[in-house]
Amino acid sequence: EMTTDPPAARETVLAYRGLQSKNAITAAAHSHAKEMGLMAILLAFVQNYVLLSERWKLRWARVFCTGSALLPVFIFVATLVGLVSAAFADLCGGLALAALIAMLIGLVRYSGAEDARVARAER
């Protein structure tokens, strides 16, 4: 004989969903930490080809490192605090993205300057 207790079943399903959410957020925090570290290593390889002043390269590198270091922390804290921490994680991700875009602009400037130098040398 099977008895049904819908409120208890609902409570069990909600508890399981909460556990799965915490597992997913923890996995996201770990994966973001790894991918940001890998991105920092890759960014170090192209620093010599970023056509920005040394001062601005250092500033953007610091912005990237700050954003990418705090992003996984705020993602993990979101399981404890909630949406406020998630908003800070989004802000940190935006900082890292802005720094990457600035470095990309520097790379494009370098390639343009290099193309112009080659064109002048061919004349």
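Each chain carries its own residue numbering, running from 1 in the direction its sequence is written. Only residues with pLDDT of 70 or above have their local features reported here, since the model is predicted, and side-chain atom pairs are shown and tallied only from 80 upward, although totals for entire chains, interfaces and linings are computed over all residues. Note that the side-chain values use all heavy atoms of the structure and ignore hydrogens as well as water.

As a further point, take the confidence of the model for the protein. Scored by pLDDT, the protein comes out at a mean of 89, with 98% of its residues at no less than 70. pLDDT expresses, on a scale from 0 to 100, how confident the predictor is about each individual residue. Helix and strand definitions here come from DSSP, where helices need a minimum of 4 consecutive H or I residues and strands a minimum of 2 consecutive E residues; each element is numbered from the N-terminal end. Helix 2 (residues 54-77) holds the highest mean pLDDT among the elements of the protein, 94, whereas helix 1 (residues 6-46) holds the lowest, 87.

So, about the environment of Thr 4. In this fold, Thr 4 is placed in the segment before helix 1. Its relative accessible area of 65% is what places Thr 4 among the exposed residues. As a C-alpha pair, Thr 4 and Gly 82 span 78 residues in sequence and 33 Å in three-dimensional space. The buried label applies to any residue whose accessible area, calculated with a 1.4 Å probe on protein chains only, is under 20% of its type's maximum; exposed applies above 50%, and partly exposed to all values in between.

Okay, the environment of Tyr 16 next. Mapping Tyr 16 onto the fold places it in helix 1. We call two N or O atoms a polar contact when they sit within 3.5 Å, provided that within protein one can donate a hydrogen and the other can accept it, with sequence-adjacent residues counted only if both atoms are side-chain atoms. In terms of polar contacts, Tyr 16 uses its side chain to reach the side chain of Gln 20, at 2.8 Å.

Two aromatic rings, drawn from Phe, Tyr or Trp (for Trp, its six-membered ring), form a pair once their centres lie within 6.5 Å of each other, and the interplanar angle then sorts them: stacked below 30 degrees, edge-to-face above 60, tilted otherwise. Going through the model one piece at a time under the given rule, you end up with three aromatic pairs. Taking 5.4 Å as the distance between ring centres and 70 degrees as the angle between the ring planes, the aromatic pair formed by Tyr 49 and Tyr 110 counts as edge-to-face. On the criterion of sequence distance, the pair formed by Tyr 49 in the loop between helix 1 and helix 2 and Tyr 110 in helix 3 (residues 83-122) is long-range, its members being 61 residues apart. You can call Tyr 110 partly exposed: its relative accessible area is 28%. Note on criteria: charge over ring means Lys NZ or Arg CZ within 6 Å of the ring centre, with the direction from the centre no more than 35 degrees off the ring normal. When the ring centre of Trp 56 is taken as origin, the NZ or CZ atom of Arg 59, which lies over that ring, is 4.6 Å away.

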